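Coordinate inspection notes
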Amino acid sequence: MSRVAREIASIAILGVLVVVAFTDASAQAMHGLPLEGRGADTTPNRRVGRPSVGKEEYKRYCAGCHGDRGDGQGENTQWIDPKPRDFTQAVFKCRSTPSGTLPVDQDVINTIRRGIVNSNMPQWRPLPAQMQADLLSYIKTFSPRWTAEKPGTPVVIPVETPVTTESILRGREMFQKFECWKCHGTEGRGDGPSAAALTDSKDQPIHPFDFTTGTRFKCGTTNADLYRIFMTGLDGTPMASFADNIKGDQGWDLVHYLRTLQPLRTPESTLWKTWLATHAAELKPIGPGTGGR
Amino acid sequence: MQMKIVTSVAFCAVATLALAPSARHAAGGTVTGKVTFTGTPPKMKAIDMAKEPSCAKAHTIPVMNESVVTGAGNSLGNVVVYISAGAPAGAPPASAATFDQKNCQYLPHVLAMEAGQKLEIKNDDQTSHNIHPLSKVNPEWNKSQPPGSPPIEASYDKPEFIPVKCNVHPWMHGYFAVLNTSHSKVTGDDGAYSLDGLPPGKYTVTAWHERFGTQSQEVTITGTETAKLDFVLKATEY
């Protein structure tokens, strides 16, 4: 083949590959949980971290945002929103432990791997497991809480209950009763009456999650991740823990309802669409007053 | 012999009665005074509770922002006056300090408690609140409290002045004053305070206000006298 023909052929092959890659990605997002939802890497990291090694790696990968003193005041901080985590407070959004307690090591490792969606925290999954453990052990040196306190006891997540219309309807009542709509909005758009004035614990403006455009949550993508979010709260933000008020299997009802708000084809959303087609008129709108079912 | 027994029993009874009123403090000296301000305090704005109709309708007179509460003669309310040095820290009381959410306001606006003391938070409203104490020294937590739910119990181990807010109702502001001492008083709008039951010794008395800062003064108690100690804080416009 002539040189020109070879070049055209390679560009054509590249083009085909790019088109296939994009179609494949969007197809997966439309027809099921996002890519990350399947087999997301939460395998336990059992390496022992070495703070002195972690320190050098921290300077390379983390200090630009999280700051040399771990206080979230890196040189990039002025340009980004939400602001990077301040490790000196040892307050973390994504935990499996109750509000006010330290996360277990795996919680922080999972956040390092997964990144934080809708923020500048990248997915550091490609870093070797030992490096992730080293970084975690160095991050712990920024706050005395890690030596003074033990992490909380992880919240027990029961086996998920079946997805049924009844479960979704109960979840809808919970969305009404626990007044989630005050921040998240009556359709989960993040436009509730209290949303505009929300600030995080450092007085920075913050938005509630918009379920209608959000395919991934701050702390994961699965139903279990969602369950964990409202049972532990996102510390440092207005998102409170509902562990005192939602018990056991009740939490799954709320999870099933919340799934119907998202732009994903899930078992919940399919079931809900079918039910709405014939029963929508029975529902009272969510909102002030005695809305809900 | 019987007379002696009777008199000693009588003496014990009288002594117990004398000690009873001051529940935790034995008889001792008292420091008393008034907190006032100089300068021009900021004008407090009325709170608009329109976003929460169940609370808005409970207030026929508009509720003012409670950051600066003043009274006659430039007296200052919501000032925590406490012994910051000189008094040995004892065990915290068995009774709980209570914090109430009523008509979308925190009652009291400033709650003084001892480190380690049980804190009970109640929701007497028809709306959900979330309790979000913004502690920096103690662990920060955030819990939802729907109407009708039991009181939330908590406690703080380290002394700290902790701002408290509700994210759902952004006008709600309060403070937990976690102190290392049982000798404290939060002034009313008359600015008056009294700390009693102080054994002889040298004490530092501190007055804290959420906007106008902190001031400390020293006082010495020799017996059961009442020492007068006033505080004058400098008002800032914002």
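Residues numbered from 1 in each chain as written. Chains lettered and ligands numbered in written order. Predicted model: local features only at pLDDT ≥ 70, side-chain atom pairs only at ≥ 80, totals over all residues.

1. With respect to the overall build of chain B
Stated precisely, the cut-off is as follows: Helix and strand assignments come from DSSP, with helices taken as H or I runs of at least 4 residues and strands as E runs of at least 2, each series counted from the N terminus. Partly exposed residues are those whose C-beta has more than 12 but fewer than 20 other C-beta atoms within 10 Å; 20 or more makes a residue buried and 12 or fewer makes it exposed, with C-beta atoms placed from the backbone. Contacts are defined on C-beta atoms placed from the backbone: any two residues whose C-beta positions lie within 7 Å are in contact.
On a plain count of helices and strands, chain B comes out with two helices and 19 strands. A total of 238 residues make up chain B; the buried ones form 35% of that total. Put simply, of all contacts in chain B between residues at least 6 apart along the chain, 66% involve residues at least 24 apart.

2. What to know about the overall build of chain A
A tally of regular secondary structure across chain A gives eleven helices and zero strands. For chain A, the succession of helices and strands along the chain, N to C, is α-α-α-α-α-α-α-α-α-α-α. By principal-axis analysis of the C-alpha atoms, chain A measures approximately 70 × 60 × 35 Å. Long-range contacts, defined here as pairs at least 24 residues apart, represent 63% of the contacts in chain A between residues at least 6 apart.

3. A few points about the confidence of the model for chain B
Residue and element names in this part refer to chain B. What counts, and what does not: Per-residue confidence from the prediction method is given by pLDDT, with values spanning 0 to 100.
Residues with a pLDDT of 70 or more make up 90% of chain B, whose mean pLDDT is 90. Contacts of residues 12–23 to residues separated by more than four positions or lying in other chains number four contacts, the stretch itself having pLDDT below 50. The complex prediction reports pTM at 0.85, with the ipTM value standing at 0.84.

4. Side note on the interface of chain B and chain A
Counting residues at the interface gives 20 residues for chain B and 25 residues for chain A. Secondary-structure elements contributing two or more residues to the side of chain B that touches chain A are β9 (129–133) and β10 (143–145) of chain B.

5. Describing the domain arrangement of chain A
By a widespread convention, an interface's size corresponds to the accessible area lost as its parts come together. All names here are of chain A. For the record, the criterion: Domain ranges listed in this record stem from an automatic or a database domain assignment. Lys, Arg, Asp and Glu make up the charged group, whereas Ala, Val, Leu, Ile, Met, Phe, Trp, Tyr, Cys and Pro make up the nonpolar group; the residues left over, Gly among them, are polar.
Per the domain assignment, the segments making up chain A are domain 1 (51–148) and domain 2 (165–282). Taking the mean C-alpha position of each, domain 1 and domain 2 sit 26 Å from one another. Listed by partner, the interface residues are 14 residues for domain 1 and 16 residues for domain 2. Of the residues contributing to the side of domain 1 that touches domain 2, the split by class is seven nonpolar, three polar and four charged.

6. Notes on the sheet that holds strand β8 (residues 119–123) of chain B
Either a parallel or an antiparallel arrangement is found when strands of a sheet pair, and the pairing is made through backbone hydrogen bonds. Residues and elements named next belong to chain B. Using the following cut-off: Any two strands with at least two DSSP bridges between them are considered paired. Orientation is described by axes fitted as lines to C-alpha atoms, over the contacting stretch for helices, and by angles from 0 to 180 degrees between their N-to-C directions.
Taken in spatial order, the four strands line up as β6-β5-β8-β11 in an open sheet, and their pairing is mixed. Single-partner strands in this sheet number two, and they are β6 (105–107) and β11 (152–154). Each strand of the sheet is rotated relative to its neighbour by a mean of 20 degrees, with strand direction disregarded. The pairing of strand β5 (residues 97–102) with β6 spans three bridges and is classified as antiparallel. Its bridge partner lying in β6, K102 is registered against Q105.

7. With respect to the nonpolar core
Operational definition: The term nonpolar core means buried Ala, Val, Leu, Ile, Met, Phe, Trp, Tyr and Cys residues held together as one set by C-beta atoms within 7 Å.
One finds L254 of chain A together with V35, V80, V81, L111, F176 and A177 of chain B to be the most contacted residues of the largest nonpolar core, which totals 91 residues. The residue makeup of this core includes at least three contributed by each of domain 1 (51–148) and domain 2 (165–282) of chain A. Apart from the residues within four sequence positions on either side, A177 of chain B is in contact with V80, V110, L111, A112, F161 and W208 of chain B.

8. Remarks on the sheet that holds β10 of chain B
Residues and elements named next belong to chain B. The five strands lie next to each other as β7-β13-β12-β9-β10, forming an open sheet whose pairing is mixed. Each edge of the open sheet carries a strand with a single partner, namely β7 (110–114) and β10. With direction set aside, neighbouring strand axes in the sheet form an average angle of 25 degrees. Both β7 and strand β13 (residues 173–179) contribute to a ladder of five bridges, which runs parallel. Residue A112 lies in a different strand from β13, and its bridge partner there is A177.

9. So, unusual backbone geometry
Cis geometry marks the peptide bond from D81 of chain A to P82 of chain A, where omega comes out at 0 degrees. Of note, P82 of chain A is situated in the loop between α3 (63–66) and α4 (105–114). With a phi angle near 55 degrees, A90 of chain A is a residue other than glycine that sits in the positive phi range. When you line up the elements, A90 of chain A lands in the loop between α3 and α4. Looking at A90 of chain A, the number of C-beta atoms within 10 Å reads 22, which means it is buried. One non-glycine residue, N103 of chain B, adopts positive backbone phi at about 50 degrees.

10. Some thoughts on helix α10 (residues 250–259) of chain A
Residue and element names in this part refer to chain A. Where burial is concerned, most of α10 is hidden: nine out of the ten residues are buried. For α10, the complete set of buried residues consists of G251, W252, D253, L254, V255, H256, Y257, L258 and R259. Contacts made by the buried residues of α10 are with α7 (165–177), α9 (223–232) and α11 (267–279).

11. What about the packing of α7 of chain A against α10 of chain A?
All names here are of chain A. Stated formally: Any angle from 65 to 115 degrees is called roughly perpendicular, while one under 35 is roughly parallel, one over 145 is roughly antiparallel, and all others are oblique.
The N-to-C vectors of α7 and α10 enclose an angle of 90 degrees; their axes lie 7 Å apart at closest approach. Compared by their axis directions, α7 and α10 come out roughly perpendicular. In this structure, α7 uses S167, I168, R170, G171, R172, M174 and F175 to contact α10, whose residues at the interface are W252, D253, L254, H256, Y257 and L258. Across the contact of α7 with α10, the residue classes break down as seven nonpolar, three polar and three charged.

12. Quick look at the confidence of the model for chain A
Residue and element names in this part refer to chain A. Residue-level pLDDT values for chain A average 90, and 90% of them are 70 or greater. Mean pLDDT across the secondary structure elements of chain A bottoms out at helix α1 (residues 3–31), with 65, and peaks at α3, with 98. The model gives residues 24–33 a pLDDT under 50, and that stretch makes ten contacts with residues more than four places away or in other chains.

13. Regarding the packing of α4 of chain A against helix α5 (residues 129–139) of chain A
Residue and element names in this part refer to chain A. Short version of the rule: Handedness of a crossing follows from how the near helix is turned relative to the far one, being left-handed for an anticlockwise turn of less than a right angle and right-handed for a clockwise one.
Running from N to C, α4 and α5 cross one another at 115 degrees; their axes reach a closest spacing of 10 Å. Regarding α4 and α5, the two cross each other, and that crossing is right-handed. For the pair α4 and α5, contact is made by D105, V108, I109, I112 and R113 and by Q132, L135 and L136, respectively.

14. A few points about the pairing of strand β12 (residues 160–165) of chain B
Looking at chain direction, β9 of chain B and β12 of chain B are connected through two bridges and run antiparallel. Each bridged residue has a counterpart across the sheet, and for H132 of chain B the counterpart in β12 of chain B is K165 of chain B.

15. A short note on the environment of S241 of chain A
The residue S241 of chain A is located in the loop between α9 and α10 in this model. Placed 141 residues apart in sequence, S241 of chain A and G100 of chain A show a C-alpha to C-alpha distance of 9.7 Å. With sequence-adjacent residues up to four places away left out, S241 of chain A is seen in contact with P98, S99, M231, T232 and G233 of chain A together with N142, K143 and S144 of chain B.

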